[in-house]
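Now for the letters of each chain:
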Amino acid sequence: MNIFLYFLTVAIWGTTWIAITFQLGVVPAPVSIAYRFWIASAVLMLFLIAARKPIWPPRSAWRYLLAQGFALFCCNFLCFYYASQWVPSGLVAVVFSTAPIWNAINGRLFMGRPIRRQVVGGALLGLCGIALLFLPQMRGHWNDSGMLLGLGLALLGTVCFSTGNLLSSRMQALGLTPWLTNTWAMLIGATILGCGAWLLNMPFALEPTMRYAASLLYLAIPGSVVGFTAYLLLVGRIGPDRAAYSTVLFPVVALSVSTVLEGYQWSALAVGGQLLVLGGNVLAFMPAGARLSRSPGATTAPAGPVRGA
């Protein structure tokens, strides 16, 4: 199950980068993000009702839900949507790939979890690979006036993503499933964005194109309902630091899509970068005993198949 959730997350979120580019343009970013999570939260609520699962979180969970909605489903996406206006998408992906390191550090600071050296080592190796993959795209952009602002926003978005991971881990420790917490946290994040857009007099009209509608539905249902649920289930099973290593593989999937749809040309640097990413993947998932460990009290699954990620 750990391996299935890992590959599902990588496959879905590795393809959402190109869908996000179809959202930029006519509709303001906060409005598009709000639409995405209003749709996703409605689908999740219908699932909870149809499956006859509890739909109301306990009172003790609301403070975590509010914080997760604000950090993960509001600030995180705002930062990356706007960062993409100034920073090349490859460089944004490099910054986002630091998520495993932030998760390890924040887990240690706020939850007392030990930092697994092999996870940090694997993440750093993967980051070197990502840098090689996107080095040609990063050249020539360092003198842009908005580069530092874009990099700052991308880093802030990654920290917000990490914060949402830890909040989900905390709520799962309380016995709450991501199906329930995602429903309410997405609704909270979307409502915050919608209210902010309304106060700023942003237009709420939809872009009347098939590309915008199709990408919105893809981001809302596979990208949010399935992707976030699979990822946060993985966070609860193997911990935020190892789960976040999947972020290092997203750009590799995105490049594969770009090869087919956009004619991306692979270079020697890109091939070497991909080998480093795969090597970091093996290292990050190879603790003592070479097994994928879950959180305390859970079972484990062999790590071998992940080496082919």
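Residues numbered from 1 in each chain as written. Predicted model: local features only at pLDDT ≥ 70, side-chain atom pairs only at ≥ 80, totals over all residues. Heavy atoms only, no water.

Chemist: I'd love a proper account of the overall build of the protein chain, names of residues and values included.
Modeler: Of regular secondary structure, the protein chain possesses twelve helices and two strands. Each of the 309 residues in the protein chain was classed as buried or not, and the buried ones make up 51%. Considering only contacts within the protein chain whose residues lie at least 6 apart along the sequence, 86% involve residues at least 24 apart. Carbon and sulfur atoms make up 70% of the accessible area of the protein chain, which totals about 13,600 Å². (Helix = DSSP H or I, 4+ residues; strand = E, 2+ residues; numbered from the N terminus. Buried < 20%, exposed > 50% of the residue type's maximum accessible area, 1.4 Å probe, protein only. Contact = heavy atoms within 4.5 Å. Areas by Shrake-Rupley, 256 points an atom, 1.4 Å probe, with all protein chains shown as cover.)

Chemist: If you had to explain the nonpolar core to someone new, which residues and values would you point to?
Modeler: In this structure, Phe 37, Phe 73, Ile 130, Phe 228 and Tyr 231 are the most contacted members of the largest nonpolar core, which totals 68 residues. Discounting chain neighbours no more than four positions away, the residues touching Phe 37 are Phe 73, Phe 77, Met 186, Ala 190, Ser 224 and Phe 228. The next biggest cluster of nonpolar side chains, apart from the first, holds six residues, and it includes Val 27, Val 31, Ala 197 and Tyr 212. (Core = buried A, V, L, I, M, F, W, Y, C linked by side-chain atoms within 4.5 Å.)

Chemist: Before we move on, can you summarise the side chain of Ser 162 with the specific residues and values?
Modeler: Locating Ser 162 in the fold gives a position in helix α7 (residues 147-173). Overall, Ser 162 belongs to the buried group, its relative accessible area being 0%. In this structure, Ser 162 is in contact with Trp 102, Asn 103 and Asn 106, ignoring residues within four places of it in sequence.

Chemist: Explain unusual backbone geometry residue by residue, including any values.
Modeler: For Arg 52, which is not glycine, the phi torsion reads 55 degrees and is therefore positive. With a phi angle near 60 degrees, Asn 201 is a residue other than glycine that sits in the positive phi range. Looking at the secondary structure, you find Asn 201 in the loop between α8 (178-199) and α9 (210-238).

Chemist: Describe the packing of aromatic side chains, and please don't skip the residues or the numbers.
Modeler: Going through the model one piece at a time under the given rule, you end up with 15 aromatic pairs. Between Trp 13 and Tyr 231, the aromatic rings sit 5.1 Å apart at their centres with planes inclined by 40 degrees, giving tilted as the arrangement. Of this pair, Trp 13 sits in helix α1 (residues 2-21) while Tyr 231 is found in helix α9, placing the two residues 218 residues apart along the sequence. Accessibility classification places Trp 13 together with Tyr 231 in one group, the buried group. Members of the aromatic cluster, joined through ring pairs, are Trp 13, Phe 37, Phe 73, Phe 77, Phe 161, Phe 228 and Tyr 231. (Phe/Tyr/Trp six-rings, centres within 6.5 Å; stacked < 30°, edge-to-face > 60°.)

Chemist: Now, about the environment of Ile 33: what can you tell me, with residues and values included?
Modeler: When you line up the elements, Ile 33 lands in helix α2 (residues 29-50). Spatially, the C-alpha atom of Ile 33 lies 9.7 Å from that of Ile 20, the residues being 13 residues apart in sequence. Ignoring any residue separated from it by four or fewer positions in sequence, one finds Ile 33 in contact with Phe 73, Phe 77, Leu 78, Tyr 81 and Leu 193.

Chemist: Which residues make up the state of the cysteines, and what are the values?
Modeler: This structure, assessed with the given rule, holds zero disulfides. The structure places no disulfide on Cys 74, whose sulfur is separated from the nearest cysteine sulfur, that of Cys 75, by 4.6 Å. As a non-bridged cysteine, Cys 79 has Cys 160 as the owner of its nearest cysteine sulfur, 5.2 Å distant. Overall, the relative accessible area of 7% leaves Cys 79 in the buried class. (Disulfide = S-S within 2.5 Å.)

Chemist: Describe α1, naming the residues involved and giving the relevant values.
Modeler: Its 20 residues place the ends of α1 30 Å apart at the C-alpha level, agreeing with the 28 Å of an ideal helix rising 1.5 Å per residue. The element α1 is extensively covered by neighbouring structure, given that 14 of its 20 residues are classed as buried. (Expected span 1.5 Å × (residues − 1).)

Chemist: Please set out the environment of Cys 195 residue by residue, giving values where relevant.
Modeler: Note that Cys 195 resides in helix α8. On a C-alpha basis, the gap between Cys 195 and Ala 34 in space is 9.4 Å, while along the polypeptide they are 161 residues apart.

Chemist: Talk me through the environment of Thr 158; I want residue IDs and the actual numbers.
Modeler: Structurally, Thr 158 can be placed in helix α7. Given the relative accessible area of 0%, Thr 158 is considered buried. Separated by 79 residues in the primary sequence, Thr 158 and Cys 79 place their C-alpha atoms 8.7 Å from one another. Once residues within four sequence positions are removed from consideration, Thr 158 is found in contact with Phe 80, Val 95, Phe 96, Thr 98, Ala 99 and Trp 102. Separated by 2.9 Å, the side chain of Thr 158 and the backbone oxygen of Ala 154 make a polar contact. (Polar contact = N/O pair within 3.5 Å; in protein donor to acceptor, adjacent residues only side chain to side chain.)

Chemist: Lay out the side chain of Asn 76 in plain terms, naming residues and giving numbers.
Modeler: By the secondary structure assignment, Asn 76 is in helix α3 (residues 62-83). Note on Asn 76: relative accessible area 4%, which makes it buried. If near-sequence neighbours (up to four positions away) are discounted, Asn 76 is found in contact with Ala 71, Gly 157, Cys 160 and Phe 161.

Chemist: Quick one: what's the story with the packing of α2 against α3, residue by residue and with numbers?
Modeler: When two helices pack together, their arrangement is given by the angle between the helix axes and the distance between those axes. Contact geometry of α2 with α3 gives a least axis separation of 10 Å together with a crossing angle of 135 degrees. By the criterion of interaxial angle, the relationship of α2 to α3 is oblique. Here α2 and α3 pass one another in a crossing that is right-handed. Mapping the contact onto sequence places Ala 29, Pro 30, Ile 33, Arg 36 and Phe 37 in α2 and Phe 73, Phe 77, Leu 78, Tyr 81 and Tyr 82 in α3. Tallied by class, residues from the contact of α2 with α3 come to nine nonpolar, no polar and one charged. (Axes fitted to C-alpha atoms, helices over the stretch in contact; angles between N-to-C directions. Parallel < 35°, antiparallel > 145°, perpendicular 65-115°, else oblique. Left-handed = near helix turned anticlockwise from the far one by under 90°. Nonpolar A, V, L, I, M, F, W, Y, C, P; charged D, E, K, R; others polar.)

Keep in mind that these numbers describe shape and distance, not what the molecule does.
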